[in-house]
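Architecture and fold: a report
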Amino acid sequence: VKVEGPIHADEALRAYAESFGVRASARPREVFTRAVIFAVESKWITRRENFLWPTDHSDIQIRHRALDCPVTDSEMIPPEEFEAAVKLVVQQQFGLKFDAVIESVARLFGFGRTGAKVKSAVEQALIRLDQRRELQMDNAGFVTFPQERP
């Protein structure tokens, strides 16, 4: 978790089992679950929904998911990473059309195509960012950062 976090609990379990050369069957899953509970209670890590985070984690890293990366399912990527990716592509392009944001985020992650799961994850990130007023969609359909008013 300290190296890979935030990481989906299922992906952490897979890596844990792989490191011991075993399958993630019932017994390793039970041991892993107890270890996660202990680590959370000891404040070594935090758990946000299905993701495990280092306690001293401040900035989110946007990770490229192509080639040999085992995490290619968008559900295994933290929502905060999608939000950071959306903000990055909007910042780099000074605003993008809604569909272009989705495609640009998918490419940033290294996905060869924008499937329904990726599209949904990016849309949800856009909604959260809009609700927090970190991004906005203008009348022309461009996603931009809100203009600061004097």
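Coordinates for the structure precede this section.
Residues numbered from 1 in each chain as written. Predicted model: local features only at pLDDT ≥ 70, side-chain atom pairs only at ≥ 80, totals over all residues. Heavy atoms only, no water.

Brief notes about the environment of Q147
Note on placement: Q147 falls in the segment after β6 (142-144). For Q147, a relative accessible area of 62% puts it in the exposed group. Sequence-wise, Q147 and L135 are 12 residues apart; in three dimensions their C-alpha atoms are separated by 9.5 Å. (Helix = DSSP H or I, 4+ residues; strand = E, 2+ residues; numbered from the N terminus. Buried < 20%, exposed > 50% of the residue type's maximum accessible area, 1.4 Å probe, protein only.)

Looking at the pattern of salt bridges
Inspection of every chain in the model, using the stated rule, returns 11 salt bridges. E80 is paired through a salt bridge with R48; the nearest N and O atoms lie 3.6 Å apart. Highlighted residues: E80 in helix α3 (residues 79-93) and R48 in strand β2 (residues 45-48), separated in sequence by 32 residues. R132 is the salt-bridge partner of E83, the closest N and O atoms lying 2.7 Å from each other. Of this pair, E83 sits in helix α3 while R132 sits in the loop between α5 (116-131) and β5 (136-137), and the two are 49 residues apart along the sequence. The buried category is assigned to E83, whose relative accessible area is 9%. A cluster of three or more residues bridged by salt bridges with shared partners is formed by E83, K87, R128, R132 and E134. (Salt bridge = Lys/Arg side-chain N within 4 Å of Asp/Glu carboxyl O.)

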